[in-house]
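# Working through the structure, step by step
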Amino acid sequence: MKKTLFFFCLLSFVLFGCSSDDNGIENPNPNPPTSAEFPAQSFMWRAMNLWYFWQDDVADLADDRFSNDLEFATFLSAESDPGRFFFTICNQHREIVGEEAAIDRFSFRRSNYEDLVNSLSGVSRSNGLEFGLSLITQGSDNVFGYVQYVLPDSDAASKDISRGEFFTHVDGVQITASNFSQLLFGNNITYTLGMADLENGGFTLNGKEVTLTKIDNFVENPIQVATTLDINGTKIAYLMYNRFLSSFNEQLNDAFGQFVADGATELVLDMRYNPGGSVNTSRLLASMVHSTDTDKLYIRQRWNSKLQPQFSAEQLEDYFANSTGESPINSLNLDRVYVLTTNSSASASELVINGLAPYVNITQIGETTSGKNEFSITLVDDRENSFIYNSDREGEINPNVSWGLQPLVGRNENADGFFDYTDGLDPDIVLEENVANLGTLGDVNEPLLARAIQEITGATTKGSFHVQFPANMITSSRLETIMRDNMYLDKPIKMGQ
């Protein structure tokens, strides 16, 4: 028998009543606080008490933490800022104790859930320039940016700027570790980059300036390059894939359909800048790579101890797919694949690697991945739907609480039961990106792709794999978006045995 999620939400509600004093002791405060006075904090606590992966480990989220509503309200009132309150009930989140000590490095919230929902579909304000930021020299505060790629149909695509170029100034101001967020990711819609040349290990302004404007409701196509290379008769499919967006599942399937039509027998899957996204899209991509056998287990979910026993096998287990939901999967049916990664490769990117590992010989080339092995769901103040966001229930969301949460709620393990890669997945062949020679994406001489081709064909390349100027990136434009390196579960959640 199916159980509604609301039942489990009620479990936390009945732990304390609605009265301000249920123990018979007169309250000395003539105007005691009530939880209703703090609707945002109340929503956050109840939602996290139910769903948070580390609920067992956070004392303030314990089911028996409060004996009555007065205790609960007093706790909620201690932090007047709902955004800050959210982090106080996370498991040592980076904003509380610092990045290095954090257990939960990835849960986040937005004051407007609509921004959060839009970002899940790849809709954002963007000028289309994707770049990395690095310190010019270790110990210095000055920062340089290097262009990784330009999104098609964006403002940047119409300007004279391309992969491999450098910039050191924004609106005439030197970029530093202290000001880059305000200069590049603040509320300014337009800014002007001061471009620079790399000379003798340093950067010199070259007089070129590029003015870029962020476009509202820009929709990103995550398929940057999809082409089939013919290397001495070997057909190698190359896919540069930059985010797992379910709104582009059909385009992704079409790209594999072309690979199949081209007769590709090898695949280089380039996820070096891919910070993650949809779990289901990762399953579809894995099926396009390896198999449409729906009896093969791809991944299995792990939830907190309160929820895990309540889920059926149907909810917990995801198998390889034979359909996108709209069309049959185009699969290369490969038993080996070459994957390009950097430390920007995260969450759903790592999930594909881990999910394929029991079945496919994976050669990983590049750098160790991010180590993001937890998934999240979007939570809003819709109590009757156990706080899970559903676009069909917009009218049921509490109009007094606009906050949206994206907390970590579980981990995925592969068919072998492996899930512990919080330190990242190490490459088989270590090769950092060389910002002095980034190359052209999809070109056979681009260093990471060239190294994969060498591994596939056994032929030596004319180019050098010497890394003269490693990126040593401190952040990137991808990681400064709302979604950062989030992996979200977009599968309907069902309870019951």
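Residues numbered from 1 in each chain as written. Predicted model: local features only at pLDDT ≥ 70, side-chain atom pairs only at ≥ 80, totals over all residues. Heavy atoms only, no water.

## Looking at the sheet that holds strand β10 (residues 223–231)
- If you walk across this open sheet you meet the 6 strands as β10-β11-β12-β15-β16-β20, and the pairing is mixed. Of all strands in the sheet, those with a lone pairing partner are β10 and β20 (429–430), marking the two edges.
- For strand β16 (residues 361–366) and β20, the ladder comprises 2 bridges, and the chain directions are parallel. Of the residues in β20, the one forming a bridge with Gly 366 is Val 430. (Pairing = 2+ DSSP bridges. Helix = DSSP H or I, 4+ residues; strand = E, 2+ residues; numbered from the N terminus.)

## Some thoughts on the nonpolar core
- Judged by nonpolar contacts, the single largest core of 77 residues is most densely connected at Trp 51, Phe 256, Leu 267, Leu 285 and Trp 303.
- Sorting elements by how many residues they give to this core places helix α2 (residues 39–51) first, with 8 residues.
- Apart from the residues lying within four places of it in its own chain, the contact partners of Trp 303 are Trp 51, Phe 53, Gln 308, Phe 311, Gln 315, Leu 316, Phe 375, Val 409, Leu 489 and Ile 493.
- Formed by 22 residues, the second largest nonpolar core is a distinct cluster that contains Tyr 149, Phe 218, Tyr 338 and Ile 453. (Core = buried A, V, L, I, M, F, W, Y, C linked by side-chain atoms within 4.5 Å. Buried < 20%, exposed > 50% of the residue type's maximum accessible area, 1.4 Å probe, protein only. Contact = heavy atoms within 4.5 Å.)

## Structural notes on the sheet that holds strand β13 (residues 297–302)
- What the 4 strands build is an open sheet, ordered β14-β13-β19-β17; its pairing is antiparallel. The open sheet has two free edges, formed respectively by β14 (317–319) and β17 (374–376), since each of these has just one partner strand. Put simply, the sheet's adjacent strands are angled 35° from each other on average, direction ignored. (Axes fitted to C-alpha atoms, helices over the stretch in contact; angles between N-to-C directions.)

## Focus: the packing of aromatic side chains
- Tallying each qualifying case throughout the model produces 28 aromatic pairs.
- When the ring of Phe 131 is compared with that of Phe 185, the centres are 5.8 Å apart and the planes differ by 15°; the resulting orientation is stacked. Taken together, the residues Phe 131 in strand β3 (residues 129–135) and Phe 185 in helix α7 (residues 180–185) connect sequence positions 54 residues apart.
- Residues Trp 303 and Phe 375 carry aromatic rings whose centres are separated by 5.3 Å and whose planes lie at 75° to one another, so their mutual orientation is edge-to-face. Taken together, the positions of Trp 303 in the loop between β13 and α10 (313–316) and Phe 375 in strand β17 put the pair 72 residues apart, joining distant regions of the chain.
- A connected cluster of aromatic rings, assembled from ring pairs, spans Trp 45, Phe 66, Phe 72, Phe 75 and Phe 85. (Phe/Tyr/Trp six-rings, centres within 6.5 Å; stacked < 30°, edge-to-face > 60°.)

## Comments concerning the environment of Glu 209
- Inspection of the secondary structure puts Glu 209 in strand β8 (residues 202–213).
- Separated by 15 residues in the primary sequence, Glu 209 and Gly 194 have C-alpha atoms spaced 4.9 Å apart.
- Here Glu 209 is in contact with Thr 192 and Leu 193, once residues within four sequence places are set aside.

## Thoughts on the pairing of β8
- Pairing analysis gives 9 bridges linking strand β7 (residues 190–199) to β8, with the strands arranged antiparallel. Of the residues in β8, the one forming a bridge with Leu 193 is Val 210.
- Between the antiparallel neighbours β7 and β8 lie 2 residues, among them Asn 200 with a positive phi of about 55°.

As far as function goes, none of this settles anything; it's purely spatial.
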